[in-house]
Amino acid sequence: MRHDPISAILTDLLRRVDGLAGQRGHVSVLRLHDEVDQIRHIARAFHLDQVEGLAGTLESALSLHGLGPVVLSYLDLLRDAIGAEIPVGSIASLVPRTAPAAVIPLRV
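Please read all numbers here as calculations on a predicted model, not as lab measurements.

A. Geometry of unusual backbone geometry. Phi is positive for histidine 47, which is not a glycine, with a value near 55°. In this structure histidine 47 comes out as exposed when scored by relative accessible area, which is 64%.

Put into structure tokens, the structure is as follows:
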């Protein structure tokens, strides 16, 4: 099986988004801003326009409003945008082996 570099990039982006979502309430605005900026830069480098746009919008929201419920909504949108970029045949390889059977939504 040939290594697909975009799958590795998308997996990394999903890991980053899920990591931020998992830290809800326990991450500083500065750290969150830095992580989202890295996501935006990676998305730009690999021409993932929708992901880049959402990350940029989330950065703006963080600058205006800081932490809050809006962050989780944007992280959900980022996850959806990244998922839309995943080639159909690669979906199974992107699911971590330790992932639970059901996907838990970020919004509570």
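The rest of the description comes next.
B. Representation of the pattern of salt bridges. For the structure on display, the rule yields 9 salt bridges. Aspartate 37 is the partner of arginine 40 in a salt bridge, and the nearest nitrogen-oxygen pair spans 2.6 Å. Separated by 3 residues within a single helix, arginine 40 and aspartate 37 lie in helix α2 (residues 29–45), roughly one turn from each other. Note on arginine 40: relative accessible area 16%, which makes it buried. With a closest N to O distance of 2.8 Å, arginine 44 and glutamate 52 form a salt bridge. Note on glutamate 52: relative accessible area 18%, which makes it buried. One network of salt bridges, with partners in common, ties together Asp12, Arg15, Arg16, Arg31 and Glu35.

C. Spatial organisation of helix α4 (residues 69–85). With 17 residues, α4 should cover 24 Å at 1.5 Å per step; its first-to-last C-alpha distance of 25 Å lies within 8% of that length. All buried positions along α4 are accounted for by Val71, Leu72, Tyr74, Leu75, Asp76, Leu78, Arg79, Ala81 and Ile82. For α4, the secondary structure elements touched by its buried residues are α1 (5–22), α2 and α3 (49–65).

Cut-offs applied
Every chain begins its residue count from 1, and numbering advances along the sequence as written. Thresholds applied to this predicted model are a pLDDT of at least 70 for local features of residues and 80 or more for the giving and counting of side-chain atom pairs; totals over whole chains, interfaces and linings are not thresholded and use all residues. For the side-chain quantities, the full set of heavy atoms in the structure was used; hydrogens and water were omitted. Working definition: with a 1.4 Å probe on protein chains only, accessible area under 20% of the residue-type maximum means buried, over 50% means exposed, and in between means partly exposed. Definition used for salt bridges: Asp or Glu carboxyl oxygen within 4 Å of a side-chain nitrogen of Lys or Arg. Runs of E in the DSSP output that reach at least two residues are strands. Runs of H or I that reach at least four are helices, and both are numbered from the N terminus. Expected helix span is given by 1.5 Å per residue-to-residue step, counting one fewer step than there are residues. Residue contacts follow a heavy-atom distance rule, with two residues in contact if any of their heavy atoms lie within 4.5 Å.

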